[in-house]
Amino acid sequence: MPPLTPPPKIRLSRLRDIGWSLWDPIGLLGPDQRWDEGEALSFADEYDAYLVQAAGMLRRGAPDEEVVAFLVTIETDHMALDQQPDTEIRARTTVAAIKADDELWTYPA
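The structure reproduced in this document is the subject of the present report. (Residues numbered from 1 in each chain as written. Predicted model: local features only at pLDDT ≥ 70, side-chain atom pairs only at ≥ 80, totals over all residues. Heavy atoms only, no water.)

Here's the deal with the side chain of R16
Then comes step 1: Position of R16 relative to the elements: it lies in helix α1 (residues 12-23).
Then comes step 2: Its relative accessible area of 15% is what places R16 among the buried residues.
Then comes step 3: At a separation of 2.5 Å, a polar atom in the side chain of R16 contacts the side chain of D48.
Then comes step 4: Those residues in contact with R16, other than ones at most four positions away along the chain, are S21, W35, A44, D45 and D48. (Helix = DSSP H or I, 4+ residues; strand = E, 2+ residues; numbered from the N terminus. Buried < 20%, exposed > 50% of the residue type's maximum accessible area, 1.4 Å probe, protein only. Polar contact = N/O pair within 3.5 Å; in protein donor to acceptor, adjacent residues only side chain to side chain. Contact = heavy atoms within 4.5 Å.)

Below, the structure is given as structure tokens:
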């Protein structure tokens, strides 16, 4: 039996770039503010658990619609935010960006 290869690791900074620029359901970042600078550093990990779960779902082959629904549910049920006209669009855009990022996952050599 061949040895098991370790699972890939996620580049959290890339995932945060996606999540903060496209999703940010609470609207924590101000205009021209970055998650990795200044006062934003205190809440930079706010969405990590949700985004890592969404990325993992996609890596394991979950349909886009399932992951979009997951992000919408996190925003509307878990965070108890009202659904906005752009809620689904932000979730859909985030899913597309996660899928399109060829450098999001690192694989062992």
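Some words on the packing of aromatic side chains
Then comes step 1: Taken as a whole and judged by the stated rule, the model has 4 aromatic pairs.
Then comes step 2: Here the aromatic rings of W20 and F43 are separated by 5.6 Å at their centres, their planes lie at 55 degrees, and the arrangement is tilted. Note that W20 is positioned in helix α1 and F43 in the loop between α1 and α2 (48-59), a separation of 23 residues in sequence.
Then comes step 3: Here W20 falls in the buried class, since its relative accessible area comes to 6%.
Then comes step 4: Given a relative accessible area of 17%, F43 falls into the buried group.
Then comes step 5: Members of the aromatic cluster, each reached through a chain of ring pairs, are W20, W23, F43, Y47 and Y50.
Then comes step 6: A cation over a ring is seen here: R59 above W105, with NZ or CZ 5.0 Å from the ring centre. (Phe/Tyr/Trp six-rings, centres within 6.5 Å; stacked < 30°, edge-to-face > 60°. Lys NZ or Arg CZ within 6 Å of the ring centre and 35° of its normal.)

Nothing here speaks to function; it is geometry throughout.
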